[in-house]
Structures are given as structure tokens and as C-alpha cells.
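Fold and contact review
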Amino acid sequence: MLPTPPPLYAGFTPQAPHLPGLATPAVPQLFVSMPLSPTHQDSAPRARILIVEDDLDGAQALEALLQLEGYEVRTAPNGAEGLAVAAQFDPHIVLLDLHLPVVHGVAVAQHLRVNEHAMRRVIIGITGLSSAYPADAQAFDHKLSKPIDPDQLFSLLRQEWRERFEDSPFAF
């Protein structure tokens, strides 16, 4: 799993260097406060999302965004590790890069669909390439282009949750 970035809602006061003979400049306090979404306020287990993405910066940004919304998130940098994490983590939703090292995204998606339980799982293909998805990409429920629009992603996640997991005890 990738290291988690510091929370955006934590406040801190940067320290300005003090130089002899000069007045210490006033340094404003930086505090970014973000309201918690309703999913943060209850004790129900969180929806599990797996991000399989070889662009580590993109994966970390997406992970931080989803965690701020209250999702339980894991990441994997390639297809083989994605399959291993999925077997242990059992995600409700998988955000899966199409062009991955080690095991291609289409093969990962097909493998994640091997049993009846997995048919309920939402697999969203993501790619930064302008080329069309290959014909064998039917294992993806949806396809998004990079850069991912957060509003579009969250709208899609809410829609899929209502359709597939409405009876689930998990918070979304």
C-alpha cells in the first residue's frame, strides 16, 4: 500500500527564520477545514475501493480523494499485485487502469469476474490513452478517461452503489 498523505484538514503554523537585528515577520496560520461527509459520522463499515494504477502520483491523489469521502481504499501498482490485494481485501469497487505492467488491465478485470460473488463487484476501467478500449474489455462496467473528473466519478459510484449494494450493511 502506498503511504497515506497527511490529512488536508490538519492545521499548522510554519516557523519563519529569525535573523538577528530584523523583526520577525508575521506568519499567518494555515488551517484548511473540510466538513466531514455523512459517511464519516456513522459507525457502519465503509465501502471498499481498490485502485490498480501504475502512475503512483495519480494513485495517491485518487486514494486521498476517496479517503476524504470516507471510503476504505487500497492501492496496487500493477496487475499482479492488484489481483493479490483484491483476493485479500475483497473490494466492492475496483478502479482499474487498462494499461498495466505485469498483468494487463483487461486480464485483471476478467479474472476478477470469475465467480458469482464477483459479478456484483463494480469494475471501472481508467485510461489516459485516447485509443478505444479493446473489444475484449466487456469485463469493465464503466470506462473513464484520465484525468478523472471527481464529480463524474462520485456520481458514478453513488449510482452503482444504489443499484448493486442497496441492501448492503456497508456505508457508502
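Within every chain, residues take consecutive numbers counted from 1 along the sequence as written. Local features in this predicted model are restricted to residues of pLDDT 70 or higher, and side-chain atom pairs are both shown and tallied only at a pLDDT of 80 or more, whereas totals for entire chains, interfaces and linings draw on every residue. Neither water nor hydrogens contribute to the side-chain values; these are computed over all heavy atoms in the structure.

**Some remarks on helix 5 (residues 150-164)**
Segments assigned H or I by DSSP are reported as helices when at least four residues long, segments assigned E as strands when at least two residues long, and all are numbered from the N terminus. Expected helix span is given by 1.5 Å per residue-to-residue step, counting one fewer step than there are residues. Here helix 5 contains 15 residues, and its C-alpha end-to-end distance of 21 Å stays within 8% of the 21 Å for a straight helix at 1.5 Å per residue. Any two residues having at least one pair of non-hydrogen atoms within 4.5 Å are treated as being in contact. Of the surrounding secondary structure, the elements contacted by the buried residues of helix 5 are strand 1 (48-52), helix 1 (56-68), strand 3 (93-97), strand 4 (122-127) and strand 5 (142-145). The residue sitting at the N-terminus of helix 5 and contributing the capping side-chain oxygen is Asp149; that oxygen lies 3.1 Å from the backbone nitrogen of Asp151. Throughout this description, a polar contact denotes any pair of N or O atoms lying within 3.5 Å of each other; where both atoms belong to protein, one of them has to be capable of donating a hydrogen while the other can accept it, and for residues adjacent in sequence the pair is counted only when both atoms sit in side chains.

**A few points about the packing of aromatic side chains**
Each aromatic ring pair is specified by the distance between its two centres and by the angle formed by the two planes. Only Phe, Tyr and Trp rings take part, Trp by its six-membered ring, and two of them pair if their centres are within 6.5 Å. Stacked means planes under 30 degrees apart, edge-to-face means over 60, and tilted covers everything else. Within this structure, the stated rule accounts for one aromatic pair. Aromatic pair Tyr71 and Phe154: ring centres 6.4 Å apart, planes at 10°, arrangement stacked. One end of the pair, Tyr71, is in the loop between helix 1 and strand 2 (72-76); the other, Phe154, is in helix 5, with 83 residues separating them in the sequence. Only protein chains enter the accessibility calculation, which uses a 1.4 Å probe; a residue is then buried when its area is under 20% of its type maximum, exposed when over 50%, and partly exposed in between. The class of Tyr71 is buried, set by a relative accessible area of 9%.

**Quick notes on the packing of helix 1 against helix 5**
Here an axis means a line fitted to C-alpha atoms, over the contact stretch when the element is a helix, while the angle between two N-to-C directions is reported on a 0 to 180 degree scale. Contact geometry for helix 1 and helix 5: axes closest at 12 Å, N-to-C directions at 55°. What the angle tells us is that helix 1 and helix 5 run oblique. Crossing handedness for the pair helix 1 and helix 5: right-handed. On the side of helix 1, the interface is formed by Leu62, Leu65 and Leu66, while helix 5 contributes Pro150, Leu153, Phe154 and Leu157. Residues that form the contact of helix 1 with helix 5 fall into these classes: seven nonpolar, no polar and no charged. Comment on the angle field: the value is read as roughly parallel under 35 degrees, roughly antiparallel over 145, roughly perpendicular from 65 to 115, and oblique elsewhere. Left-handed describes a crossing in which the near helix is turned anticlockwise from the far one by less than a right angle; the clockwise case is right-handed. Note that Gly is not counted as nonpolar here; it falls among the polar residues with everything else outside the nonpolar set of Ala, Val, Leu, Ile, Met, Phe, Trp, Tyr, Cys and Pro and the charged set of Asp, Glu, Lys and Arg.

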